[in-house]
Amino acid sequence: MSRSRLVLVSILSVALLGVGVGTPAEAAVDTAPPTLVTFDFTPKTVDVSAGAQQVAVTAQITDATGVDSPRVRVTSDSTTQASAYADLTLTAGDAQNGIYAATVTVPAGAAAGAWSVSLDALGDTIGNYAGAKSTHPTKLAVVDDDADLDPPALTDFSFTPSTVDVSSGPRDVVITAWITDATGTATPQVTVSSDQTDHAVGPLDMVRIAGDDHEGIYQATATILNGAAAGAWTVTLDPLADTLGNRELNHHRHPTALTVLDVHPDTAAPVLEDYAFTPTTVDVSAGAQQVTVTARITDATGAVAPAVSIESDSTGQVVGPITLSRTSGDARDGTYRATATIPTTAAPGTWAVVLPPLRDALGNREPTQHTHWARLTVLNQPVAVPEPPTAVSAVRADRSAQVSWTPGASNGSPITSFTVKASPGGATRTASGNQTSTLFPGLTNGTAYTFTVTATSANGSSRPSLPSTAVTPAAIPAPPTAVTAVRGDRSAQVTWTPGSNNGYPITSYTVTTQPGGAVKTVTGTMSTTTITGLTNGNPYTFTVTATNANGASLPSLPSAAIAPAAVPAAPTAVTAVRGDKMAQVTWTPGADNGSPITGFTITASPGGATMTVSRERDSATIGNLSNGVAYTFTVRATNAVGTSAASTASPAVTPATVPSAPAGVIATRADKSAVVTWTPAVDNGAAITGYTVTASPGGATVVLTGTKTTTTFKDLINGLTYSFTVTATNAVGTSLPSPASATVTPAAVPAPPVGVIAARGDKSAVVTWTPAADNGSPVTAYTITASPGGATMSVAGTMSTAKVIGLANGTPYTFTVKAINALGSSPASPASAAVIPATVPGTPTEVNATRGPRSAVVSWRAPADNGSPITGYTVTINPGGTTATVAGTRTRTTIKGLSNGTSYTFTVSATNTVGASPESLSSPAVIPAGRPPRIEDVQATVDGRTVTITWAAPEDNGAPVITYVVSVDPGRAAKTVLPENQSAVFERLNPGTYRFSVAATNYLGVGKRSKKITVRVPR
């Protein structure tokens, strides 16, 4: 079905009855398609190397009836790639004369080169369509460094089940596809269709159930309905495409057919039982009219609701298609109805009412459509509405515009009124039919407006005129507000807040000074300016007016009064006298320049330290200076306006005093000595000439010249505690002593331990030694080292034994020991004699027993020997607790002397030179047994030709009797008797002599037979 048959769905309604809807016709019969007035796009080049880019498309389209939803897309000239369609939306005007716009996305991966920008064939709401699409003459240039030109790849394709039986109801078939694509797979579609009939399911959209659109698994479920044609069906994937438009050329048909079983297939198309429409004549001269179509349809499976179209016999106009809705019955036998609206622009004459070929849910379809034998007659003698006004213009005013126009032809009926419409906003104003101009009030200053005019007569309203040129209502500006002034030296900085421009840009501001009335004009973009030429000390106020193209505003309110003034002159004659970390500074004040001096600020250099004093002062002591640094000083004066320039610097002075006491004295002990260090003293203005270090107790000293801050004090006594103080000397004198250092005690590292002995354990060894001499500093720890491996452990200095763990059983180890004190570690001791760690074996595992006559065979898995070879195993018998000993090389033995019928379990332990392992877990229980014993008491009873053999049950010998076997000699086969019976009957024996014996059986076999007994059967 062509697209022209789809355009009037928006004016169709379902299940509506009656005629006479609509408004008076606005135009004569419309048989022309829309006209494309302008068509453009921007930009003309896009680079999608880094991502998708957008192209904006605009078009002006006109049509007498109204344009129907145009759409646009871009397509590659060299590949199958194409963008998604974009619907153009109305952005200005109306459906008869409007501006349409859309944004089309060119995705990343798009093919580089020329692309065409095309509008689909234009159509209107009455079905008039242009014959071809509209392609812009300029090509869109696409740049892409990484284009994707390949369609998706199908890596796998399957369905399940392969056979469905729909005789008793519908069945589902699940189709799965594995698809990959560099850009992203578009939704694939699948169809399941009969090979012998028109039956089909689909096309169905497949849904991604795993992965992503670059590498995903897609699935769809096709429901095969009851009544489907029996036989082979084909599962087909449509040619695969990606989101760029890269598409395969061929379908994918699965090589395996779906087998459909159905004992009652339906291969017949639906039947149209009845078909009618009403009314058969409509007059659309005064307004749109409605036609109701009804149809009765039957089908064994269920009809699909058809769509009806009403087609002009003389033009290309079509109303529809519109889907009929079922109003009664069901899908197998139902009545369907739809109502179509014939618009005022419909062509007069006969129209055909057409139903397409009917189809059912299985896909059975008629070969031809149904055209009703009767024709709908359309009458249309439209009245003439006025022509649209022309030359519409507007002149702006304050919150209004004067709109003027030239009337169009009245077309035979006097124009009664004009309607003026403003855009934006949509406000309207009505003028009488003899007016050609009107004032349009209520507008917003500063907003650009266009105006259209519609003429109205007794026959209806014209189309809107073309829009006027835009105008922007405006008035003189509002006065500026918040005018402020900040004084300066013979000047003032004036600032204000702009008022509303009332719709037209402010071009300038004028500032007026009082007293004096001097004015200054600045541009409309400014909101501050400097007014110069004022007299310091005089008060001034300022007002501001704003000017735009419509005139000047009222003056603003005046600013608060300000009096211009200047900062003071710089002080002079600055001098300084030094002291200890300070200086006394004096100066002569400068002129105040019209504003009283409020204070002075003294600044020291270097360092920038400052001090502020009141206006009455002309000297100050500035402290916190650094002795030994040469300083100069400047002074600044401050008044209400600000601070003066700095004075000329004073001559330099240098504060000084004796050095400070050294600090941070640290002593580090050594063997019969100590190394003493300290932080240099501050020289306080005079260079330090030397240091003196004093030891306590004893008072010995070391005198150093120069700036050295470390010395070694020798000839001290190990073990005696010392502290040290330091004094500094410069040209002024000697400082106070420093605080004493922390005490230190001279000492050396310990001697190495001796007498190291090791005793083995389980993965361990106990190491002992003789403590080392501490050499003046207590031993704080011992470190034991194992070899091989180098594993170490440390213990407190008070200990002389340690257990070393983590060793490997079976490996020989030696050990050395080091002593540690505050000064460090001693050399290692001589190594101990080697020891080999070991422990009892592991527990045997997998203990099993197999029974025999008065015996059991016991087996096990040998455990780890844990460093000492296994010398033997002990098997313990339970019950009884007796044991058996087995050599260490064996893992199996036979235990004899057991009692048949008694349940036994066995445990095993392993032994090495260290000892015996824990006993294993018990074996599964076994019961020794033998074949059944001989049956001793066999009896025979003769009754005619019947002999009954009986016996007493024997002991079971450890295993239950399964059967008894009774043998007879001669000539008869043995009889087998179940264990709950102890008798056997032999009937119809021939006269003669017979010998019988009995034997019992258990799972081990047949026991010894009883003694034979002789029986005579009489004649």
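Basis of the calculations
Note on numbering: residues in each chain are counted from 1, in written sequence order. Given that this is a predicted model, residues contribute local features only at a pLDDT of at least 70 and side-chain atom pairs are listed and counted only at 80 or more, while totals for whole chains, interfaces and linings are drawn from all residues. Heavy atoms throughout the structure, all of them, feed into the side-chain values; hydrogens and water do not. The salt bridge definition used is simple: a Lys or Arg side-chain nitrogen within 4 Å of an Asp or Glu carboxyl oxygen. The helix and strand labels rest on DSSP assignments: H or I over at least four residues marks a helix, E over at least two residues marks a strand, and numbering proceeds from the N terminus. UniProt positions are given in the numbering used here, feature names are shortened, and annotations may be inferred rather than shown by experiment. At least two DSSP bridges between two strands are needed for those strands to be called paired. Angular values range over 0 to 180 degrees, each being the angle between N-to-C directions of two axes fitted as lines to C-alpha atoms, with helices fitted over their stretch in contact. Contacts described as polar in this section are N or O atom pairs within 3.5 Å, which, within protein, must combine one atom able to donate a hydrogen with one able to accept it, while residues neighboring in sequence count only if both atoms come from side chains. Here a residue-residue contact requires only that any non-hydrogen atoms of the pair lie within 4.5 Å. Stacked, tilted and edge-to-face are the three classes assigned to paired rings of Phe, Tyr and Trp, where Trp is represented by its six-membered ring and a pair needs centres within 6.5 Å; plane angles under 30 degrees give stacked, over 60 edge-to-face, the rest tilted. Partly exposed residues are those whose accessible area sits between 20% and 50% of the maximum for their type, while under 20% is buried and over 50% is exposed, using a 1.4 Å probe and protein chains only. In this description, a nonpolar core means a group of buried Ala, Val, Leu, Ile, Met, Phe, Trp, Tyr and Cys residues linked to one another through side-chain atoms lying within 4.5 Å. Put plainly, a pocket is an open set of points on a 1 Å grid over the protein atoms alone with protein on both sides within 12 Å along at least five of seven lines, a cavity is a set where a 1.4 Å probe fits but cannot get out, and a lining residue has an atom within 4 Å of a point. Grid points are joined across faces, edges and corners, and a volume is the space filled by probe spheres set on the points.

A.B. asks: Go over the pattern of salt bridges, please, and point to the residues and values.
C.D. replies: This structure, assessed with the given rule, holds 10 salt bridges. Measuring nitrogen to oxygen at the nearest pair gives 3.0 Å for the salt bridge that ties Asp333 to Arg296. Of this pair, Asp333 sits in strand β27 (residues 333-342) while Arg296 sits in strand β23 (residues 289-298); the two residues are 37 residues apart in sequence, bridging distant segments of the chain. In this structure, Glu616 and Arg615 form a salt bridge, with 3.8 Å as the shortest nitrogen-oxygen distance.

A.B. asks: Go over the UniProt feature "domain: Fibronectin type-III" (unreviewed entry) in the protein with me, naming the residues and quoting the values.
C.D. replies: Taken from the UniProt record, the annotation "domain: Fibronectin type-III" (unreviewed entry) applies to residues 385-475, 476-566, 567-657, 658-748, 749-839, 840-930 and 932-1019. Taken end to end, residues 658-748 has its terminal C-alpha atoms 41 Å apart, with 0% of it in helix and 45% in strand. In residues 749-839, helix accounts for 0% and strand for 46%; the two terminal C-alpha atoms are 39 Å from one another.

A.B. asks: Residue-level account of the sheet that holds strand β3 (residues 53-62), with values.
C.D. replies: In spatial order, the strands read β1-β3-β7-β6; together these four strands make up an open sheet with antiparallel pairing. The open sheet is flanked by β1 (35-42) and β6 (89-93), the only strands paired with a single partner. Strand-to-strand, the axes of this sheet are offset by a mean angle of 25°, without reference to chain direction. Pairing between β3 and strand β7 (residues 97-106): 10 bridges, direction antiparallel. For Thr62, the partnering residue across the bridge sits in β7 and is Asn97.

A.B. asks: Outline the side chain of His370, supporting the account with residue identities and numerical values.
C.D. replies: Tracing the sequence through the fold places His370 in strand β29 (residues 370-379). Among the polar contacts made by the side chain of His370, one reaches the side chain of Glu366 at a distance of 2.5 Å. Not counting residues within four places of it along the chain, the set of residues in contact with His370 comprises Leu272, Tyr275, Val353, Val354, Leu355, Pro356 and Leu358.

A.B. asks: Let's hear about the packing of aromatic side chains: which residues, and what values?
C.D. replies: Taken as a whole, this structure holds 14 aromatic pairs when the rule is applied. Their ring planes at 40° and their centres at 5.3 Å tell us that Phe713 and Phe724 sit as a pair that is tilted. With Phe713 in strand β54 (residues 710-713) and Phe724 in strand β55 (residues 723-730), this residue pair connects regions lying 11 residues apart in the sequence. Overall, Phe713 belongs to the buried group, its relative accessible area being 5%. Its relative accessible area of 1% is what places Phe724 among the buried residues.

A.B. asks: Before we move on, could you go through the nonpolar core and cite the residues and values that matter?
C.D. replies: If you look at the biggest cluster of nonpolar residues, it comprises 28 residues, and the most contacted ones within it are Val308, Ile310, Ile342, Val353, Leu376 and Val378. Contributions of two or more residues to this core are made by β21 (271-278), β23, β24 (307-312), β25 (318-323), β27, β28 (349-355) and β29. Excluding residues within four positions of it along the chain, Ile310 makes contact with Val291, Gln317, Val318, Val319, Ala340, Ile342, Trp351, Ala352, Val353 and Leu376. Counting residues in hydrophobic clusters, the runner-up holds 25 residues, among them Val72, Ala102, Val104 and Leu244.

A.B. asks: I'd like to hear about unusual backbone geometry, residue by residue, with values.
C.D. replies: Following Thr42, the chain continues to Pro43 via a peptide bond in cis, the omega torsion being -5°. The topology assignment puts Pro43 in the loop between β1 and β2 (45-47). With an omega of 10°, the peptide bond running from Ser605 to Pro606 counts as cis. Here Pro606 is to be found in the loop between β46 (599-605) and β47 (610-614).

A.B. asks: Give a detailed account of the sheet that holds β21, specifying residues and quantitative values.
C.D. replies: Across the sheet, four strands lie side by side as β21-β23-β27-β26; this open sheet has antiparallel pairing. A strand with exactly one partner marks an edge of an open sheet, and here the two such strands are β21 and β26 (325-330). Strand after strand, the sheet turns through a mean of 15° between neighbouring axes, direction not considered. The pairing of β21 with β23 spans seven bridges and is classified as antiparallel.

A.B. asks: Kindly report on the environment of Asp671, identifying the contributing residues and their values.
C.D. replies: Turning to its location among the elements, Asp671 is positioned in the loop between β50 (663-670) and β51 (673-679). A C-alpha to C-alpha distance of 11 Å links Asp671 and Thr712, two positions 41 residues apart in sequence. Those residues in contact with Asp671 that sit more than four places away from it in its chain are Asn718, Ala747 and Ala748.

A.B. asks: Requested: an account of the layout of surface pockets, with residues and values cited.
C.D. replies: Space inside the largest pocket adds up to approximately 590 Å³. Lining the largest pocket are 24 residues, and of these Gly93, Asp94, Asn97, Thr452 and Ser465 lie nearest its centre. Of all elements in the fold, only β3, β6, β7, β32 (415-423) and β35 (450-457) reach the threshold of two or more residues within the lining of the largest pocket. Broken down by element, the residue count for the lining of the largest pocket peaks at four residues, all from β35.

A.B. asks: Tell me about the side chain of Ser116, and please be specific about residues and values.
C.D. replies: The residue Ser116 is located in strand β8 (residues 113-119) in this model. Of the residues examined, Ser116 reaches a relative accessible area of 8% and is grouped as buried. At 2.7 Å, the side chain of Ser116 and the side chain of Lys139 are in polar contact. Sequence-distant contacts of Ser116, defined by excluding residues within four places in its chain, comprise Arg73, Val74, Thr75, Asp77, Thr135 and Lys139.

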